[in-house]
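Survey of secondary and tertiary structure
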Amino acid sequence: MPAKKTKTFEENLGRLEEIVALLERGDAPLQESLALFEEGTKLVKDCSATLEKAQQQVVKLQKGPDGEPVETPFAVEE
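Residues numbered from 1 in each chain as written. Predicted model: local features only at pLDDT ≥ 70, side-chain atom pairs only at ≥ 80, totals over all residues. Heavy atoms only, no water.

Things to note about the overall build of the protein
Secondary structure assignment for the protein yields two helices and two strands. Counting helices and strands in the order they occur from the N terminus, the protein gives α-α-β-β. Going through the 78 residues of the protein one by one, you find that 14% of them count as buried. A sequence separation of at least 24 residues applies to 31% of the contacts in the protein between residues at least 6 apart. (Helix = DSSP H or I, 4+ residues; strand = E, 2+ residues; numbered from the N terminus. Buried < 20%, exposed > 50% of the residue type's maximum accessible area, 1.4 Å probe, protein only. Contact = heavy atoms within 4.5 Å.)

Structural data, given as structure tokens:
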């Protein structure tokens, strides 16, 4: 069995936008709407995880004692 290709954040977001548009039209049969909704919730979860991982990698620049920028880890606000 070939390995499943992981989709990029942009690909997942694009598919999520397609799903939203299809559901907003309201003309899909119930079973198809439910399948689209399920796929959409999985995509939201994947996109959220990707964003969270990216946020953890972000570095915030602050001024050091000499006025030069100093890199410090990004603090997550809760």
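That shown, we press on.
What about helix α2 (residues 30-57)?
The end-to-end C-alpha separation of α2 is 41 Å, in line with the 40 Å expected for 28 residues at 1.5 Å each. Buried residues of α2: S33, L36, G40, L43 and C47, and no others. Buried residues along α2 sit in contact with α1 (9-25). (Expected span 1.5 Å × (residues − 1).)

Some words on the pattern of salt bridges
Within the structure shown, the criterion is met by four salt bridges. Among the salt bridges present, the one from D27 reaches R25, with a minimum N-O distance of 3.5 Å. D27 sits in the exposed class, given a relative accessible area of 53%. Given a relative accessible area of 57%, R25 falls into the exposed group. The residue K42 makes a salt bridge to E38 at a minimum N-O spacing of 3.7 Å. In this pair, K42 and E38 are both assigned in helix α2, four residues apart and thus about one turn of the helix distant. Overall, E38 belongs to the partly exposed group, its relative accessible area being 46%. (Salt bridge = Lys/Arg side-chain N within 4 Å of Asp/Glu carboxyl O.)

Points about the layout of surface pockets
Looking at the largest pocket, its volume works out to about 320 Å³. Around the largest pocket, the lining residues are K4, K5, T6, K7, N12, R15, E39, K42, L43, D46 and T50. Elements that contribute at least two residues to the lining of the largest pocket include exactly α1 and α2. Sorting elements by how many residues they give to the lining of the largest pocket places α2 first, with five residues. (1 Å grid on protein atoms, 1.4 Å probe; cavity = no way out; pocket = protein on both sides within 12 Å on 5 of 7 lines; lining within 4 Å. Points joined across faces, edges and corners; volume = space filled by probe spheres on them.)

What to know about the side chain of S33
Tracing the chain through its elements places S33 in helix α2. S33 has contacts with L23 and A28, leaving out every residue within four places of it along the chain.

Considerations on α1
With 17 residues, α1 extends 25 Å between its outermost C-alpha atoms, agreeing within 8% with the 24 Å of an ideal straight helix rising 1.5 Å per residue. Listed as buried for α1 are N12, L16 and I19. The buried residues of α1 all sit within an arc of 60° when viewed along its axis, so they share a single face. Opposite its buried face, α1 presents the exposed residues E10, E17, E24 and R25, each directed more than 90 degrees away. Buried residues along α1 sit in contact with α2. Two residues or fewer after α1 comes G26, characterised by a positive phi angle close to 75°. (Arc of directions from axis to C-beta.)

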